[in-house]
Amino acid sequence: MKVIGDIHLVDNTFANVYLIVRDNKLIIIDTGLPEEYEKIIKYIDSLGRIPEEVEIIIATHAHYDHIGALKVLKEATGAKVAAHKEEIPYINGEKVFKKGYTPVSEPVDVEISLEDGDEIKGLKVIHSPGHTPGSICLLDLETKALFVGDLVVEQKGELYEVPHHYSIDPMKNREAIKELLEIDFNHLLPSHGNPVLNEGKEKLRELVERFLKSD
Ligand SMILES: [Zn+2]
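Residues numbered from 1 in each chain as written. Predicted model: local features only at pLDDT ≥ 70, side-chain atom pairs only at ≥ 80, totals over all residues. Heavy atoms only, no water.

Let's talk about the nonpolar core
1) Next: Judged by nonpolar contacts, the single largest core of 24 residues is most densely connected at Ile-28 and Ile-91.
2) Next: For this core, the secondary-structure elements that each account for two or more residues are strand S4 (25–29), helix H1 (37–46), strand S5 (54–58), helix H3 (70–77), strand S6 (80–84) and helix H4 (88–91).
3) Next: When neighbours within four sequence positions are excluded, Ile-28 is seen to be in contact with Val-17, Tyr-18, Leu-19, Ile-40, Ile-44, Val-54, Ile-56, Ile-57, Ile-58 and Leu-73.
4) Next: Core analysis: the next-biggest nonpolar cluster, separate from the first, contains 20 residues, Ile-126, Leu-146, Leu-180 and Ile-183 among them. (Core = buried A, V, L, I, M, F, W, Y, C linked by side-chain atoms within 4.5 Å. Buried < 20%, exposed > 50% of the residue type's maximum accessible area, 1.4 Å probe, protein only. Helix = DSSP H or I, 4+ residues; strand = E, 2+ residues; numbered from the N terminus. Contact = heavy atoms within 4.5 Å.)

This is how it looks when you write it as structure tokens:
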């Protein structure tokens, strides 16, 4: 389904797969589980596009439900893969997660190493460690949509922290969530749950206020 502007969400995947149509090319943010591959290809087809038009696949982080289909999708599209430099070893197989969510995906080479503040295809990289060391959020400067990966999840219109046992350092993740309040965005696009349009920042502020009450 279309989310906002040129941003789409591939329907019915376990972890969300976003697709941006920009400058006549496609950008994919996260790829979902291995079995999600067909859904992504089908969605590309529904746009009247072909897999070879995918230029870049960006991984918000290296968890299995976000990069499970990365290897096959990379092979099918010929796209370059981008991830934060601290996350790359967990994607190319040099390291495996020992804490948090630990299933291991097939190793994939990463061509583009991202750092905090980088800009890629109109998306600003925000390094947000905690859930994993190289977790990133991506701010789309065009639509003011913020892709948050697993920093927060959406349920029935409200935002929550990702359950602590899935994160390597949940309290660091909490600090990263608070820092997002400094960013100018309107829409919050999580990896689990529905996009929160227009009131993304308001809902994030409510979550941070709940932290303060529980401290
Ligand atoms: Zn995750």
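Having put the structure on the table, let's press on.
Looking at the pattern of salt bridges
1) Next: According to the stated counting rule, one finds 14 salt bridges in the structure shown.
2) Next: The residue Glu-53 makes a salt bridge to Arg-49 at a minimum N-O spacing of 3.3 Å.
3) Next: For Arg-49, a relative accessible area of 17% translates into the label buried.
4) Next: Between Glu-161 and Arg-174 there is a salt bridge; the shortest N-O distance is 2.9 Å. Within this pair, whereas Glu-161 is found in strand S13 (residues 158–161), its partner Arg-174 is found in helix H5 (residues 170–179), the two being separated by 13 residues in sequence.
5) Next: A relative accessible area of 12% places Arg-174 in the buried class.
6) Next: Shared partners join several salt bridges into a network, and the residues in it are Asp-6, Arg-22, Asp-140 and Glu-142. (Salt bridge = Lys/Arg side-chain N within 4 Å of Asp/Glu carboxyl O.)

A word on unusual backbone geometry
1) Next: The backbone of Asn-12 shows a phi angle near 60°, a positive value even though the residue is not glycine.
2) Next: Take Asn-12: it is sitting in the loop between strand S2 (7–9) and strand S3 (18–22).
3) Next: On the accessibility criterion, Asn-12 (68% relative accessible area) is exposed.
4) Next: If you check the backbone angles, Asp-30 has positive phi at about 65° while not being a glycine.
5) Next: As for its position among the elements, Asp-30 is in the loop between S4 and H1.

A closer look at the coordination of the zinc ion
1) Next: Donor atoms from the polypeptide that coordinate the zinc ion comprise His-61 (NE2), His-63 (ND1), His-131 (NE2) and Asp-150 (OD), at 2.1 to 2.2 Å from the metal.
2) Next: Taken together, the four donor atoms coordinating the zinc ion span angles of 91 to 164° at the metal, a pattern that classifies the geometry as irregular.
3) Next: Within one chain, the residues donating to the zinc ion are spaced in sequence as H-x1-H-x67-H-x18-D. Of the two residues, His-61 sits in the loop between S5 and helix H2 (64–67) while His-131 sits in the loop between strand S9 (123–127) and strand S10 (136–140), which places them 70 residues apart along the sequence. Each member of the pair, His-61 as well as His-131, is classed as buried. (Donors = N, O, S within 2.8 Å, 3.2 Å for Na, K, Ca; no water. Tetrahedral: all angles 85-135°; square planar, octahedral: opposite > 155°, others 65-115°.)

Thoughts on the packing of aromatic side chains
In this description, a pair of aromatic rings is defined by centroid distance and the angle of the planes.
1) Next: Evaluation of the coordinates by the stated rule reveals three aromatic pairs.
2) Next: For the pair Tyr-90 and Phe-97, a centre-to-centre distance of 4.2 Å together with 5° between the ring planes defines the contact as stacked.
3) Next: Judged by its relative accessible area of 8%, Phe-97 is buried. (Phe/Tyr/Trp six-rings, centres within 6.5 Å; stacked < 30°, edge-to-face > 60°.)

Considering H1
Every α-helix carries 3.6 residues per turn, so stepping three or four residues along brings you back to the same face.
1) Next: Considered for burial, the residues of H1 that qualify are Ile-40, Tyr-43 and Ile-44. Down the axis of H1, the buried side of the element spans an arc of 100°, and every buried residue falls inside it. More than 90 degrees from the buried face of H1, the exposed residues found are Glu-38, Lys-42, Asp-45 and Ser-46.
2) Next: Those residues of H1 that are buried are in contact with strand S1 (2–4), S2, S3, S4, S5 and H3.
3) Next: Count one or two residues on from H1 and you reach Gly-48, which has phi positive near 75°. (Arc of directions from axis to C-beta.)

Digging into the UniProt feature "domain: Metallo-beta-lactamase" (unreviewed entry) in the protein chain
1) Next: In the UniProt entry, the feature "domain: Metallo-beta-lactamase" (unreviewed entry) is given for residues 14–192.
2) Next: Taken as a whole, residues 14–192 contains 20% helix and 29% strand, while its terminal C-alpha atoms sit 7 Å from one another. (UniProt positions renumbered as here; feature names shortened; annotations may be inferred.)

A short note on the sheet that holds strand S8 (residues 119–120)
For sheets, the rule is that strands pair by backbone hydrogen bonds, running either parallel or antiparallel.
1) Next: Judged by pairing direction, the sheet is mixed, and its five strands sit side by side in the order S8-S9-S10-S11-S14 without closing on themselves. For this open sheet the edge positions go to S8 and strand S14 (187–190), each flanked by a neighbour on one side alone.
2) Next: Note that S8 and S9 share two bridges and pair antiparallel. Following the sheet pairing, Ile-120 is matched in S9 by Leu-123. (Pairing = 2+ DSSP bridges.)

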